[in-house]
Amino acid sequence: MARVYIAYTGGTIGMAPTQDGYAPRAGYLAELMHQMPELRAPQMPEYTVHEYGTLLDSANMTPQHWLEIARDIEAHYDDYDGFIVLHGTDTMAYTASALPFMLEGLAKPVILTGSQIPLCEVRSDARANLINALLIAGAGDIPEVCLCFGDRLLRGCRAQKLAADGLNAFDSPNFAPLGRLGITIDIERGLVRPPMPDPDGLPFHVQALVNPPVAVLRLFPGVTGDLVRLMTQPPLRGLVLETYGVGNGPDRDPDFLAALSEATERGVVIVACTQCVRGAVDLGAYRAGSALARAGVLGGADMTAEAALAKMFYLFSRGLPVEAIRELIGQDLRGELTA
Ligand code: ASP
C-alpha cells in the first residue's frame, strides 16, 4: 500500500469557528480526517499527518518556514511514496515556488493544497482537494512540487493565487496545468518533468536558504530614482522588478535609470518580471525596456514574481558569484520559465 506523509502547516483547511472568526485549533484537522470514511477506501493510500507546533495563517510564512517544511520532507523522504503540504492559500504559491529549488534531486511528488472553506464546513472544498492530493501523492509518479487546488494540478513554480474568493483560486497562466481534475484525474504526462538530477550529482537533499536580502518592487506611475535607491541600498543583493507589459519602465526619467545602474554596478541582481498575469518579458521590444537592460536589469522571461523571488533566494543561498547568478536567472532550472 502506498504511503503519504502529510505536513500540516496551517491555513483555512484545518481551522475551527471561534468568536473571533476561523482560527487554527490543535488536533482538529486529524480528528475531522478520521471521521471521513472516504479516506479509508481501498484505493486511498495510507497516510500520516504531522501537525506543526504552531499552525500558521500563511500570511506569517517566511523562508525559515519553507526550510522547516523542506527539512521535514527530507527527514521522511525514504519512508513515503509521496508528500502533501497542507498550507494556507494566501502564500501557497510562494512556498510552491520555493520548494522546487530547495528540494534538490527530488524524485517523488510533493503536493501543496489547502482550501478556501474549512474542512469542518458542509460546503468545504477541502474534502475534494485533500482526496485529490492524496491520490496524486500516493501514485508516486509525478516527481515535482505541484499545487493541487479545485479542478487543477499545477506546477508549483508556475502557480499564482488569482482569486481571493472562488474555489478555483489558483492557476499557472504561463504554463498548462499538469493535470485536470474532473470526472477523472487526467495527468498531462508530456508536461511532467523527469526527476531532476542534483547540479553536483548528489542524492536527494535540501538546499538550505540563508535568507539573503532580496525584495520585490512593483513599478507604478510616479516611481522615482530615490525610491529605487532606498530599496536597493546595501545590504540588498537581489530585486524582482515588476515592470509594465513586456518589461517596460519610465525611460524618460534619467534619475530612475541612473538609480538602477548604480545598483546593478554595485552587484545588485535586478530581474524584470511583468505585472501582467499572462505573457513574457522581452526587454528589447520597446525603448522603455531596452533602457532597463542598458541599466543592467535582466529579463525574467515568463517567470512569475513568486518564482523569480524564490529563485533569487535559492541562487544567493548557494553562495554563487554574482556573474553566475546573472547567468542562471534566465535559465530554466525547475520548469519555472520558458527558455
Ligand atoms: N489566510 C489563510 C491562509 O493563508 C487563507 C487560507 O488558508 O485560505 O492561511
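Residues numbered from 1 in each chain as written. Predicted model: local features only at pLDDT ≥ 70, side-chain atom pairs only at ≥ 80, totals over all residues. Heavy atoms only, no water.

Our focus in this paragraph is the nonpolar core. In terms of nonpolar packing, the biggest core is built from 59 residues, with Ile 73, Leu 99, Leu 103 and Val 110 touching the most fellow members. Every residue in contact with Val 110, bar those within four places of it in the chain, is listed here: Ile 73, Phe 83, Val 85, Leu 99, Leu 103, Glu 144, Val 145 and Cys 146. One finds Leu 32, Ile 136, Leu 178 and Leu 181 within the second-largest nonpolar core, a separate group that totals 34 residues. (Core = buried A, V, L, I, M, F, W, Y, C linked by side-chain atoms within 4.5 Å. Buried < 20%, exposed > 50% of the residue type's maximum accessible area, 1.4 Å probe, protein only. Contact = heavy atoms within 4.5 Å.)

A separate point is the site of the ligand. In the vicinity of the ligand, the residues found are Gly 11, Thr 12, Asp 57, Ser 58, Gly 88, Thr 89, Asp 90, Ser 115 and Gln 116. Between a nitrogen atom of the ligand and a side-chain N or O atom of Asp 57, the distance comes to 2.9 Å. Asp 90 places a polar side-chain atom, nitrogen or oxygen, 2.8 Å from a nitrogen atom of the ligand. With the chains in place, 89% of the 270 Å² that the ligand exposes on its own is no longer accessible. Class assignment of the residues belonging to the shell around the ligand gives a composition of no nonpolar, seven polar and two charged. (Near = heavy atom within 4 Å. Polar contact = N/O pair within 3.5 Å; in protein donor to acceptor, adjacent residues only side chain to side chain. Areas by Shrake-Rupley, 256 points an atom, 1.4 Å probe, with all protein chains shown as cover. Nonpolar A, V, L, I, M, F, W, Y, C, P; charged D, E, K, R; others polar.)

Turning our attention to the sheet that holds strand β4 (residues 46-56). The eight strands lie next to each other as β4-β1-β5-β7-β8-β9-β12-β13, forming an open sheet whose pairing is mixed. Here the strands that pair on one side only, and so sit at the sheet edges, are β4 and β13 (185-187). Neighbour-to-neighbour, the strand axes of the sheet open up by a mean angle of 20°, direction not taken into account. Bridging between strand β1 (residues 3-10) and β4 involves seven bridges; their strand directions are parallel. Bridge pairing in β4 links Ala 7 to His 50. Running over the sheet, helix α2 (residues 63-76) touches β1, β4, β5 (82-86) and β7 (110-113) and is turned about 155° from β4. (Pairing = 2+ DSSP bridges. Helix = DSSP H or I, 4+ residues; strand = E, 2+ residues; numbered from the N terminus. Axes fitted to C-alpha atoms, helices over the stretch in contact; angles between N-to-C directions.)

A word on the pattern of salt bridges. Considering all chains together, one arrives at 16 salt bridges under this definition. Residues Arg 3 and Glu 46 are paired through a salt bridge, measuring 3.4 Å at the closest nitrogen-oxygen approach. Separated by 43 residues along the polypeptide, Arg 3 in strand β1 and Glu 46 in strand β4 bring together distant segments of the chain. Measuring nitrogen to oxygen at the nearest pair gives 2.8 Å for the salt bridge that ties Arg 155 to Glu 144. Here Arg 155 is found in strand β9 (residues 152-155), whereas its partner Glu 144 is found in the loop between α4 (126-139) and β8 (145-149), with 11 residues between them in sequence. On the basis of relative accessibility, which here comes to 3%, the residue Arg 155 falls in the buried class. The class of Glu 144 is buried, set by a relative accessible area of 5%. Among the ionic contacts, a cluster of salt bridges with common partners joins Asp 226, Arg 229, Asp 255 and Glu 262. (Salt bridge = Lys/Arg side-chain N within 4 Å of Asp/Glu carboxyl O.)

Turning next to α4. Here α4 is 14 residues long and its end C-alpha atoms lie 20 Å apart, about the 20 Å a rise of 1.5 Å per residue gives. In terms of burial, α4 is largely enclosed, as 10 of its 14 residues are buried. Along α4, the residues that are buried comprise Ala 126, Asn 129, Leu 130, Ile 131, Asn 132, Ala 133, Leu 134, Ile 136, Ala 137 and Gly 138. (Expected span 1.5 Å × (residues − 1).)

Put simply, side chains in a regular strand alternate between the two faces of the sheet. Burial along β9 is two-sided: the face carrying Arg 152 and Leu 154 and the face carrying Leu 153 and Arg 155 are both buried. Linking β8 back to β9 in an antiparallel pair, the connection comprises two residues, with Gly 150 at a positive phi of about 60°. Bridge analysis of β9 against strand β12 (residues 179-181) gives two bridges, and the strand direction is antiparallel. Residue pairing for β12: Arg 152 is matched across the bridge by Arg 180.

The sheet built from four strands is open, its strands ordered β15-β16-β17-β18 with parallel pairing. Looking at which strands have only one partner, the edges of the open sheet turn out to be β15 (214-218) and β18 (298-299). As paired elements, strand β16 (residues 238-243) and strand β17 (residues 269-274) share six bridges and run parallel to each other. Residue pairing in the sheet places Thr 243 in a bridge with Thr 274 of β17. Contacts between helix α8 (residues 305-317) and the sheet are confined to β15, β16 and β17, with β16 contributing the most and set at about 165° to the helix.

Here we take up the pairing of β1. With seven of eight residues buried, β1 is to be regarded as a mostly interior element. Pairing of β1 with β5, which is carried by five bridges, proceeds in the parallel orientation. Bridging across to β5, Val 4 finds its partner in Gly 82.

Attention shifts here to the packing of α2 against helix α3 (residues 92-102). When two helices pack together, their arrangement is given by the angle between the helix axes and by the axis-to-axis distance. Following both chains from N to C, one finds α2 and α3 inclined at 55°, their axes separated by 10 Å at the closest point. Overall, the two elements α2 and α3 adopt an arrangement that is oblique. Seen from above, α2 lies across α3 with right-handed handedness. Judged by residue contacts, Trp 66, Leu 67, Ile 69 and Ala 70 of α2 engage Tyr 94, Thr 95, Ala 98, Leu 99 and Met 102 from α3. The residue makeup of the contact of α2 with α3, split by class, is eight nonpolar, one polar and no charged. (Parallel < 35°, antiparallel > 145°, perpendicular 65-115°, else oblique. Left-handed = near helix turned anticlockwise from the far one by under 90°.)

The peptide bond linking Pro 234 to Pro 235 adopts the cis configuration, its omega dihedral lying at 10°. Looking at the element boundaries, Pro 235 is found in the loop between α5 (225-232) and β16. Here the phi dihedral of Asn 211 falls at roughly 60°; this positive angle occurs in a residue that is not glycine. Backbone geometry at Ala 301 places phi at a positive 50°, although glycine is not the residue there. Here Ala 301 lies in the loop between β18 and α8. Classification of Ala 301 as buried rests on a relative accessible area of 18%.

Keep in mind these numbers describe shape, not what the thing actually does.
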